[in-house]
Protein chains: 2
Amino acid sequence: MTAGPLDATFAALADPTRRAILARLHSGEATVSELAAPFAMSQPAISKHLKVLERAGLISRGRDAQRRPCRLEPGALKEAAGWLETYRAFWEDRFQGLDDLLDELKEADDE
Amino acid sequence: MTAGPLDATFAALADPTRRAILARLHSGEATVSELAAPFAMSQPAISKHLKVLERAGLISRGRDAQRRPCRLEPGALKEAAGWLETYRAFWEDRFQGLDDLLDELKEADDE
DNA sequence: AGGTTTTTTAACCTAGTGGTTCCATAACCG
DNA sequence: CGGTTATGGAACCACTAGGTTAAAAAACCT
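Residues numbered from 1 in each chain as written. Chains lettered and ligands numbered in written order. Predicted model: local features only at pLDDT ≥ 70, side-chain atom pairs only at ≥ 80, totals over all residues. Heavy atoms only, no water.

A. Structural context of the interface of chain B and chain A. Taken residue by residue, the interface counts 37 residues in chain B and 38 residues in chain A. The partner of R88(A) in a salt bridge is E85(B), with the nearest N and O atoms 3.8 Å apart. Counting across the chain B and chain A interface gives four residue pairs in polar contact (both at pLDDT 80 or more). Counting only elements with at least two residues in the side of chain B that touches chain A, the list comes to helix 1 (5–13), helix 2 (16–26), strand 2 (70–72), helix 5 (74–85), helix 6 (88–95) and helix 7 (98–110) of chain B. Per element, the largest residue contribution to the side of chain B that touches chain A is eight residues, and it comes from helix 5 of chain B. Its residues assigned to classes, the side of chain B that touches chain A comprises 23 nonpolar, three polar and eleven charged. (Contact = heavy atoms within 4.5 Å. Salt bridge = Lys/Arg side-chain N within 4 Å of Asp/Glu carboxyl O. Polar contact = N/O pair within 3.5 Å; in protein donor to acceptor, adjacent residues only side chain to side chain. Helix = DSSP H or I, 4+ residues; strand = E, 2+ residues; numbered from the N terminus. Nonpolar A, V, L, I, M, F, W, Y, C, P; charged D, E, K, R; others polar.)

B. Structural context of the packing of helix 2 of chain B against helix 4 (residues 43–55) of chain B. All names here are of chain B. Close contact between helix 2 and helix 4 brings their axes to 10 Å; oriented N to C, the two are set at 75°. Overall, the two elements helix 2 and helix 4 adopt an arrangement that is roughly perpendicular. When helix 2 is examined against helix 4, the residues T17, R18, I21 and L22 are found in contact with a partner set consisting of I46, H49, L50, V52 and L53. Residue composition of the contact of helix 2 with helix 4, by class: six nonpolar, two polar and one charged. (Axes fitted to C-alpha atoms, helices over the stretch in contact; angles between N-to-C directions. Parallel < 35°, antiparallel > 145°, perpendicular 65-115°, else oblique.)

C. Structural context of the protein's contact with DNA strand D. Looking at DNA strand D, there are 21 residues lining it, with S42(A), K48(A), H49(A), S33(B) and S47(B) nearest. Atoms of DNA strand D within 4 Å of the protein: sugar and phosphate make up 70%, bases the balance. Taking V32(B), its main chain carries an N or O atom lying 3.2 Å from a phosphate oxygen of DNA strand D. At a separation of 2.9 Å, a phosphate oxygen of DNA strand D approaches a polar side-chain atom of R61(B). (Near = heavy atom within 4 Å.)

D. Structural view of the relation of the copies chain B and chain A. Mapping chain B onto chain A leaves a residual RMSD of 0.1 Å; the transformation is a rotation of 180° accompanied by 0.0 Å of translation along its axis. Both copies are brought into coincidence by an operation consistent with a two-fold rotation axis. Same-surface contact between copies: 97% of interface residues of chain B are shared with the interface of chain A. (Least-squares fit on C-alpha atoms with pLDDT ≥ 70 in both.)

E. Structural context of the protein's contact with DNA strand C. In the region of DNA strand C, 22 residues are neighbours, and S33(A), S47(A), S42(B), K48(B) and H49(B) sit closest. Of all atoms in DNA strand C that approach within 4 Å of the protein, 68% are sugar or phosphate atoms. S47(A) places a side-chain nitrogen or oxygen 2.6 Å from a phosphate oxygen of DNA strand C. In the model, a phosphate oxygen of DNA strand C is placed 3.0 Å from a nitrogen or oxygen of the R18(B) side chain. For the surface near DNA strand C, the secondary-structure elements that each account for two or more residues are helix 3 (32–36) and helix 4 (43–55) of chain A together with helix 4 of chain B. Here the surface near DNA strand C is built from residues that sort into six nonpolar, eight polar and eight charged.

Spelled out as structure tokens, the structure:
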């Protein structure tokens with residue numbers, strides 16, 4: 001039934017703080033405190049978000065003395081994009097007016 | 001901080017039942033009972049899922065006598081895919097081994 | 001060893017989610 | 001009108017999520 005790691009990935013992406021963290025990591029590794037700095041939120045809260053991202057496979061963490069640098073991992077993002085890709089033809093068809101055409105035909109049928 | 005409708009969209013996509021419903025709707029409109037049939041779950045539960053999908057803008061609902069046919073809406077899917085698209089270059093770079101090269105350089109630096 | 005920095009853990013709170021069952025609504029069909 | 005079908009709503013329950021504060025770990029620096 002299409003379960004699996006997509007659950008965790010999409011759930012992780014559903015939070016704006018976490019998406020902002022990913023955006024930040026897009027431009028390179030960062031430590032927990034660096035990631036926490038921009039947010040009006042306690043640092044343990046950020047740690048929780050990072051754990052969610054890690055369990056979803058969106059980031060991985062190294063060790064540098066006391067610091068735990070985070071880096072973006074491409075795998076999960078790629079899978080999520082892959083799932084959405086299934087629908088690309090659908091929304092591009094719609095953009096080309098195919099669905100609108102169908103709507104017109106249906107309305108014509110009702111009259 | 002990149003908030004907005006992406007929250008609702010990704011949250012809606014985080015549930016396998018809802019993704020299955022979207023997949024089903026990909027091949028055409030369907031009524032609530034048709035959508036509920038494949039699942040070992042009460043029909044009100046499906047109604048709740050449909051409400052989540054609707055509030056996320058992923059589906060819309062018409063009216064056909066007692067039935068409330070659901071159809072897939074492309075907008076939200078397109079936005080979600082658009083957000084992920086920002087990272088496409090990142091995971092494709094990784095696939096090309098760019099990050100692996102960086103890893104090798106770093107390991108060489110440690111020795 | 002003692003103190004500082006960085007990060008995680010624990011305990012707690014509130015609110016939301018995903019499911020249930022039972023009932024209400026709405027539109028059809030005799 | 002009365003019954004049936006299709007769907008939404010209300011009340012409830014267990015569990016999870018996102019936040020807090022306070023304390024514990026772990027690795028550094030004299």
